[in-house]
Amino acid sequence: MKQGSVTVSAKSGTISGSTSATIGAAQLVSIAVSPQNPSVRINKEQQFVATGTYTDGTMQPLSGVTWSSAPTTFAVIDPTGLAVGVSAGVSTIQATSGNVSGTASLTVFAPPVPPFNYVIGQTLNSGDTDCRGVVLADFNGDGKIDIAVSNQNTKTIAVFLNDGTGNFGSPVTTTVTTPATLGLIAGGDFNEDGKADLVLSTVSGGDQVNRILLGRGDGTFAVQPAILNSGGFLSIVVADVNGDGHQDLVIGQNGSAAISIGKGDGTFVDTVDLQPGSFPGGYFGIAAADFNGDGKLDVMAADDNGQIDFWAGNGDGTFAAPITSGSQGLGLGTLASGDFDGDGKQDILLGSLNAAFIQLGNGDGKFDLNTLEFVYSSTPTNQSQGVVAVAADLTNTGVLDTMATDYGNGILQITLNGSIGLIPPANGIFSFTLAQGISYVAAADLNGDGIKDVVVVNSLTGQVTTINSQK
């Protein structure tokens, strides 16, 4: 029924009569707030919506209502109905228009206390004062996860063999004959013989290349010739980018990103650069995942100019021209990918000068640049070389957790997924103050308890420290 004036007439035989009536606007009689009883973790958001019911029976969403929460000790709400959990407890959320209001309850909970702890384990000496990179794999075929690091100046690969309880002895070493110093390493099985191999970057002395180190199955390696056209990597991902079943290399270099296609026999097709992004710096972070949801592996890289470049994959080892976007983190370093919020879309974990944070993916290769989920932050020091951030499913529950190392402050922080965004101390966050210079970090189950342990490398001292899970 519409608002306005009408004339109402009645007639019986020759007798009739009429009157006028005014139909006023339908009045708001009640407000329903939805959802009614949601739960959120501390520091997480919940959007509420108000729906009005009117005297004419119609219902419609309401704008311009006044939102409030009580008590604000547990949750606060903004004028748009977006609530944020503050501390564990229950707040009443109210929407008011005039003298009509409606309510809902918001339960805010803290992450539970994990059924395990992390403690500092062994400190191992690599045999050098500067080691670069760490790979965790079974290098001697006994079913136990070992530790491999690259010694920059002594030009050796040091492998610490695991006794099965998470304890390690003196390293087994392989010497790499090169005029350069050794750089980062990454793991794979490049000749498909079931033995763990490495790919190594050399970084100076006129020999800036990538070369494969084929595992012999005893903790040592056979050093292979340099991969043609390779230039030494700053970051690397091992993935099958062309779908042929062989491991390929996705490489971040100084000023370019590149692909080396594996043949499955320990050798690679010549390295090919991807089309350059806008004024690329050093690609210290790179990832390969299906970022746009088309079933093909894409490449995402972050450079130290604060830019993120995205190359959509064609599924055959080639990639489209890059799409470049800025980030709220300047001086970007490491980059890892994964679905951190469980929505089926790939997100990215970034390390920058003094922080590590997550940008949530939209599922089309783009990210929400307005919402950052911080997993670590600190004050820069005069020795700061940035924060390294790595993702891993530490609890083997199918959700990604994070690890961050702060070079200048010597801090390692492990953050379980349910505690992402919280400020320590908090349940599910484990912080350790180690020596200045810690950088590279990796995770694997070293002691067989079903929880991944953490290994961190110090680039100033050459020390390797294990952080062991303890139930």
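Predicted, not measured: the structure shown is a model, and the values here were computed from it.

Visitor: Tell me about unusual backbone geometry, and name the residues and values.
Guide: Cis geometry marks the peptide bond from serine 34 to proline 35; its omega dihedral reads -5 degrees. Position of proline 35 relative to the elements: it lies in the loop between strand E3 (28–34) and strand E4 (39–41). Look at the link from alanine 70 to proline 71: it is a cis peptide, with omega at -5 degrees. As for its placement among the helices and strands, proline 71 is situated in the loop between strand E8 (66–70) and strand E9 (75–77). The backbone phi angle of lysine 155 is positive, close to 60 degrees, even though this residue is not glycine. Here the phi dihedral of asparagine 229 falls at roughly 65 degrees; this positive angle occurs in a residue that is not glycine. Secondary-structure assignment places asparagine 229 in the loop between strand E21 (221–226) and strand E22 (235–239). Judged by its relative accessible area of 56%, asparagine 229 falls in the exposed class.

Visitor: Give a description of the pattern of salt bridges that names residues and reports values.
Guide: Within this structure, the stated rule accounts for three salt bridges. Aspartate 130 is the partner of arginine 132 in a salt bridge, and the nearest nitrogen-oxygen pair spans 2.8 Å. Across the pair aspartate 207 and arginine 211 runs a salt bridge whose closest N-O atoms are separated by 3.3 Å. Arginine 211 shares its class with aspartate 207; the two are buried.

Visitor: An account of the packing of aromatic side chains is requested, with residue identities and associated values reported.
Guide: Counted under the stated rule, the structure contains nine aromatic pairs. A ring pair is formed by phenylalanine 116 and tyrosine 118, whose centres lie 5.5 Å apart and whose planes are at 90 degrees; its orientation type is edge-to-face. Here tyrosine 118 falls in the buried class, since its relative accessible area comes to 3%. With a centroid separation of 6.1 Å and an interplanar angle of 25 degrees, the aromatic rings of phenylalanine 116 and phenylalanine 430 are classed as stacked. With phenylalanine 116 in the loop between strand E12 (100–109) and strand E13 (117–125) and phenylalanine 430 in strand E37 (residues 429–433), this pair connects stretches of sequence that are 314 residues apart. Assessed through its relative accessible area of 9%, phenylalanine 430 is described here as buried. A network of ring pairs unites the aromatic residues Phe116, Tyr118 and Phe430 as a single cluster.

What counts, and where the lines are drawn
- Residues numbered from 1 in each chain as written.
- Predicted model: local features only at pLDDT ≥ 70, side-chain atom pairs only at ≥ 80, totals over all residues.
- Heavy atoms only, no water.
- Helix = DSSP H or I, 4+ residues; strand = E, 2+ residues; numbered from the N terminus.
- Buried < 20%, exposed > 50% of the residue type's maximum accessible area, 1.4 Å probe, protein only.
- Salt bridge = Lys/Arg side-chain N within 4 Å of Asp/Glu carboxyl O.
- Phe/Tyr/Trp six-rings, centres within 6.5 Å; stacked < 30°, edge-to-face > 60°.

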